Amino acid sequence: MPRLVHGRGARRALACYLSAGGLRKKPRVPPLSDVQILIEDDHYGGRVAVAKAAGGGGAGLVDGGARAGGAAGAPEARPQTVTPPAAWRAPELTVVIPTLNERESVPVLAARLDEVLKGVAWEAIFVDDDSADATIDVIRGLSEASPHIRGIRRVHRRGLAGASLEGMLASSAQFVAVMDGDLQHDEQCLTDMLRILRAGKADVVVGSRYLDGPGDSGLSRTRHFGSRLATRLAKSILHSELSDPMSGFFMIRREAVEKVAPALSHQGFKILLDILASSPTPLRVSEVPYEFRERLHGESKLDAAVVVEYLGLIVAKLSRDLISIRFLMFGTVGASGIVVNLAVLALLLDRNIAFSAAQTAAMLTAMTSNYTLNNLLTYRDRRRRGWRFFTGLVMFAVLCSVGVVAGVGVSTFIYVGEPWWIAGLAGAAVGTLWNYITNTMITWRIH
Ligand code: GDD
Ligand code: MN
């Protein structure tokens, strides 16, 4: 029975395991089903223990004892390597394609990639956020027919940026591209992009709609205007002359992504912009022009929330990540609550309702509106639906009430020696922080 036991840092141990096998002059290669691997990795001490192949007279555990800095165990314990099938080449290029309800387009795109990338060792990773139209089933069907196609199904998660990032991190290829799954991006560009990266002339090649004048006929007038405005904003944070920093179509050296991955936001649409703005070392960028096509099937997922997220990303980057997109949105929603509160209060007082009753109703309305907006915008990737919407409202109410108590406590304490408005501001800040942190951890925790 093949058995793979993951210990701590199993990935690192497996790498050691494979490289140790690589040291053998003539590796003995048992069929994979005969290999029994037991990896136990003491992260700090560097101890790696590996069991022998089951075919070789039973598995024995061997302590490599390589504390001083090596992975190799005793010679007889050197494990076997895994050899690929004869005609197989590891992909040099991974094309990551995020999808949400794109079942009609996916097979067409797969066929076009197959055509364009002839002669290249490539794979496509479709990253589907549990589309209601069961796009993933179509992807699985394609994978059964072609070794080039893989699919990742993500559940309880949403977001183009996060999906793209996960796809890129699932790759082991030297180069990764990201492109839309709705056929609006021109797959013909991929070969040019690859050529430029292979020549080492750039770290990233961006498909640009604006390099040869406006090339976004696939956008409506409003989208066109918005896109130009967003491009201006983006240029201001990147200090770059990139003609289309908003592009969702690019190819990059995977190594560059690996470096910047922990700093990237999972929210929003603008993965390229985020990579360029967050990279610890400036990336060399090159552009290739393409015509943004009309959408044939389905509809765009770019909505108001994505625009808000985008503005959040700009502020986050301007503040050097001190202010996160989520916190900014939470704060903005909180501010909108004050407006709701005052509006409802004014309305009820106008109808001669007693102040305490009017203010109670106003506060409850503001809290419910805050919760609903946060659920729609701030935590859209963790949105609570159905009955969970209502249990979330209760959690939000309880946590925010504690926030009020904490805020009042702090401001009363400060009020003793400071002007009233400093005390008031400090109380509001403490309350907001409390609300944000606890609601992120509890009401909208990742489950
Ligand atoms: N997995 C996943 N999760 N995929 C998503 C999500 C999501 O939450 N939202 C959108 N997608 C997928 C869509 O299915 C499509 O394949 C791709 O991401 C782009 O989404 P669209 O909704 O078609 O975006 P668009 O056409 O309005 O804008 C695109 O093109 C612009 C120009 O290059 C995006 O790529 C923009 O980032 C880009 O600026
Ligand atoms: Mn599109």
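As a reminder, the structure under discussion sits directly above these lines.
Since the model is a prediction, treat every value here as computed from it, not as a measurement.

Novice: I'm lost on the pairing of strand S7 (residues 122–128) in this one. Help?
Specialist: The side chains of a regular strand alternate between the sheet's two faces. The element S7 is extensively covered by neighbouring structure, given that 7 of its 7 residues are classed as buried. Here S7 shows no split at all, with Trp 122, Ala 124, Phe 126 and Asp 128 on one side and Glu 123, Ile 125 and Val 127 on the other all buried. Taken together, the 7 bridges between strand S6 (residues 93–99) and S7 define a ladder with parallel strand orientation. Its bridge partner being in S7, Thr 99 is matched across the sheet by Asp 128. Read from S6 through helix H2 (residues 105–116) to S7, the crossover connection turns out right-handed. Relative to strand S8 (residues 149–153), S7 runs parallel, the two being bridged by 5 bridges.

Novice: How should helix H4 (residues 160–169) be read in this particular structure?
Specialist: For an α-helix the count is 3.6 residues per turn, leaving residues at separations of three or four pointing the same way. Counting buried positions along H4 gives 8 out of 10 residues, so the element sits mostly inside the fold. Along H4, the residues classified as buried are Leu 160, Ala 161, Gly 162, Ala 163, Ser 164, Leu 165, Gly 167 and Met 168. Against the buried residues of H4 lie S6, S7, S8, strand S9 (175–178), helix H7 (254–260) and helix H8 (271–278).

Novice: Explanation requested: the sheet that holds strand S11 (residues 250–253) in the structure shown.
Specialist: Picture the strands of a sheet paired through backbone hydrogen bonds; they go either parallel or antiparallel. In space, the 7 strands of this open sheet follow the order S8-S7-S6-S9-S11-S10-S12, with mixed pairing throughout. Every interior strand has two partners, whereas the edge strands, S8 and strand S12 (285–289), have only one. Averaged over all pairs of adjacent strands, the angle between strand axes in this sheet comes to 20 degrees, irrespective of strand direction. As paired strands, S9 and S11 are joined by 4 bridges and run antiparallel to one another. Its bridge partner lying in S11, Ala 177 is registered against Met 251.

Novice: Looking at this model, I keep getting lost on helix H13 (residues 420–443). Mind explaining?
Specialist: Over its 24 residues, H13 runs 32 Å from end to end, which matches the ideal 34 Å to within 8%, given 1.5 Å per residue. Residues of H13 that are buried include every one of Gly 427, Gly 431, Asn 435, Tyr 436, Asn 439 and Thr 443, and no others. At its buried positions, H13 is contacted by helix H10 (325–350) and helix H12 (387–415).

Here is what the cut-offs are and how they apply
Residues numbered from 1 in each chain as written. Chains lettered and ligands numbered in written order. Predicted model: local features only at pLDDT ≥ 70, side-chain atom pairs only at ≥ 80, totals over all residues. Buried ≥ 20, exposed ≤ 12 C-beta atoms within 10 Å, placed from the backbone. Helix = DSSP H or I, 4+ residues; strand = E, 2+ residues; numbered from the N terminus. Pairing = 2+ DSSP bridges. Right-handed = clockwise from strand over helix to strand, strands pointing away. Contact = placed C-beta atoms within 7 Å. Axes fitted to C-alpha atoms, helices over the stretch in contact; angles between N-to-C directions. Expected span 1.5 Å × (residues − 1).

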